[in-house]
Amino acid sequence: MFSPIFSFVLNFTFAQLNQKIMRIDIITVLPEILESPLNFSIVKRARDKGLAEIIVHNLRDYSDDKHRRVDDYSFSKGAGMVMAIQPIEKAIEKLKSERNYDEIIYTTPDGKVFDQKTANILSMYNNIIILCGHYKGIDQRIRDHYITLEISIGDYVLTGGELAAAVITDSVVRILPGVLSDETSALTDSFQDNLLSPPVYTRPAVYKGMKVPDVLLSGNDKLIDDWKHNQSIERTKKLRPDLFRKYLREE
Ligand code: 6GU
């Protein structure tokens, strides 16, 4: 086997030659929140392999204000603080002057609800910006003139868009070509075909009287595949009838 350092260099070289590198620029007032989600596990591996470049920008660095302020009072009284145009415009303009972006995304509870299909589409892009919402939102003029896609991660309220940006980035990066091995292939993920995953088991085959289903110990691959598919169907029917209807429509 190759030494870890040599493997790293080899991986990196192949990544540079054969694979596109996706670049994700994240603009936020709280870069610290994004640190651990983007620096462990599969996202870290993708970055180390040179398959994804993820740059987190502190919005305050783009503020022309002497106190580095990024928010201001809303023109509608009592509506809370609003993220001001100036720093956001400066950050986006700087990035746009350096490369072309396929999508400029704003994370907001009133955006389109994120799903696997959107993740798949984003994973085909070269460069995206994710602007994290905060306070009572951003000045509408930024949304009107710069934002090309508004994404929510579900019908509940978060303190800011950073966790949503981490969710989007994780789901996109893990499906980039070359990130997962065959064994952990994204093609067998829940949701990739609108079905939930079947249950999984590991050793021991019996634990305190609780047994692994006999079929999994049979060694018969065809029987096992049929069982897994059947379990997926039954689970989806029971737990996610909405998803099951989508499966039947798109099958
Ligand atoms: Cl993207 N932002 C916030 N603040 N809350 C949310 C959300 C985003 N998606 C669901 N809730």
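Now for a look at the structure at hand. None of these values were measured; they are calculated from a predicted model.

**Some words on the overall build of the chain**
1) Next: When helices and strands are counted, the chain shows nine helices and nine strands.
2) Next: Counting only C-alpha atoms and orienting by the principal axes, one finds that the chain spans roughly 70 × 50 × 40 Å.
3) Next: Counting the 251 residues in the chain, one finds 40% classified as buried.
4) Next: Pairs at least 24 residues apart make up 75% of the contacts formed inside the chain by residues separated by at least 6 positions.
5) Next: Entry remark: accessible area of the chain is about 15400 Å², with carbon and sulfur atoms responsible for 55%.
6) Next: On the chain, the mean spot of the 33 positive side-chain charges and the mean spot of the 35 negative ones are 3 Å from each other.

**Some remarks on the sheet that holds strand E5 (residues 103-113)**
1) Next: Sheet architecture is open: five strands sit in the order E2-E1-E6-E5-E7, paired in parallel fashion. One side of each edge strand has no neighbouring strand; the edge strands of this open sheet are strand E2 (52-58) and strand E7 (149-152). Put simply, the sheet's adjacent strands are angled 30° from each other on average, direction ignored.
2) Next: One ladder, built from seven bridges, connects strand E1 (residues 22-28) with E2; its direction is parallel. The residue of E2 that forms the bridge with Arg23 is Glu53.
3) Next: Sheet strands touched by helix H4 (residues 85-98): E1, E2, E5 and strand E6 (127-132). Its angle to E1, the strand with the most contacts, is close to 165°.
4) Next: Its contacts with the sheet place helix H7 (residues 162-173) against E1, E2, E5, E6 and E7, and it is angled at close to 175° to E1.

**Here we look at the site of the ligand**
1) Next: With respect to spatial proximity, the complete set of residues near the ligand consists of Thr107, Thr108, Pro109, Ile151, Ser152, Ile153, Gly154, Tyr156, Leu158, Gly160 and Ala164.
2) Next: Residue Ile153 places a main-chain N or O atom 2.9 Å away from a nitrogen atom belonging to the ligand.
3) Next: Between the ligand and Tyr156, the relevant distance is 2.5 Å, taken from a nitrogen atom to a main-chain nitrogen or oxygen of the residue.
4) Next: Counting only elements with at least two residues in the shell around the ligand, the list comes to E5 and E7.
5) Next: Here the residues of the shell around the ligand are counted per class, giving six nonpolar, five polar and no charged.

**As for the nonpolar core**
1) Next: Of all hydrophobic cores here, the largest spans 29 residues; its most connected members are Ile26, Leu122, Ile130 and Val173.
2) Next: Of all the secondary structure elements, the ones that give two or more residues to this core are E1, helix H2 (31-38), helix H3 (41-48), E2, helix H5 (116-122), E6, E7 and H7.
3) Next: Top contributing element to this core by residue count: H7, with five residues.
4) Next: Among all residues touching Val173, those that are not within four sequence positions of it are Ile24, Val43, Ala46, Ala52, Ile54 and Val179.
5) Next: Counting 19 residues, the second largest nonpolar core, distinct from the first, contains Tyr106, Ile129, Ile138 and Ile147.

**Examining H2**
1) Next: Within H2, burial applies to Pro31, Leu34 and Leu38. What you see down the axis of H2 is that its buried residues fit within an arc of 60°, all on one side.
2) Next: Of the surrounding secondary structure, the elements contacted by the buried residues of H2 are E1, H3, E2 and H7.

**Concerning the pairing of E1**
1) Next: The buried count for E1 comes to seven of seven residues, which makes it a mostly enclosed element.
2) Next: Burial along E1 is two-sided: the residues Met22, Ile24, Ile26 and Thr28 and Arg23, Asp25 and Ile27 are all buried.
3) Next: Alignment of E1 against E6, held across five bridges, turns out to be parallel. Residue Ile24 lies in a different strand from E6, and its bridge partner there is Ile128.

About the cut-offs
- Residues numbered from 1 in each chain as written.
- Predicted model: local features only at pLDDT ≥ 70, side-chain atom pairs only at ≥ 80, totals over all residues.
- Heavy atoms only, no water.
- Helix = DSSP H or I, 4+ residues; strand = E, 2+ residues; numbered from the N terminus.
- Buried < 20%, exposed > 50% of the residue type's maximum accessible area, 1.4 Å probe, protein only.
- Contact = heavy atoms within 4.5 Å.
- Areas by Shrake-Rupley, 256 points an atom, 1.4 Å probe, with all protein chains shown as cover.
- Lys, Arg positive; Asp, Glu negative; His and termini not counted.
- Charge placed at Lys NZ, Arg CZ, Asp CG, Glu CD.
- Pairing = 2+ DSSP bridges.
- Axes fitted to C-alpha atoms, helices over the stretch in contact; angles between N-to-C directions.
- Near = heavy atom within 4 Å.
- Polar contact = N/O pair within 3.5 Å; in protein donor to acceptor, adjacent residues only side chain to side chain.
- Nonpolar A, V, L, I, M, F, W, Y, C, P; charged D, E, K, R; others polar.
- Core = buried A, V, L, I, M, F, W, Y, C linked by side-chain atoms within 4.5 Å.
- Arc of directions from axis to C-beta.

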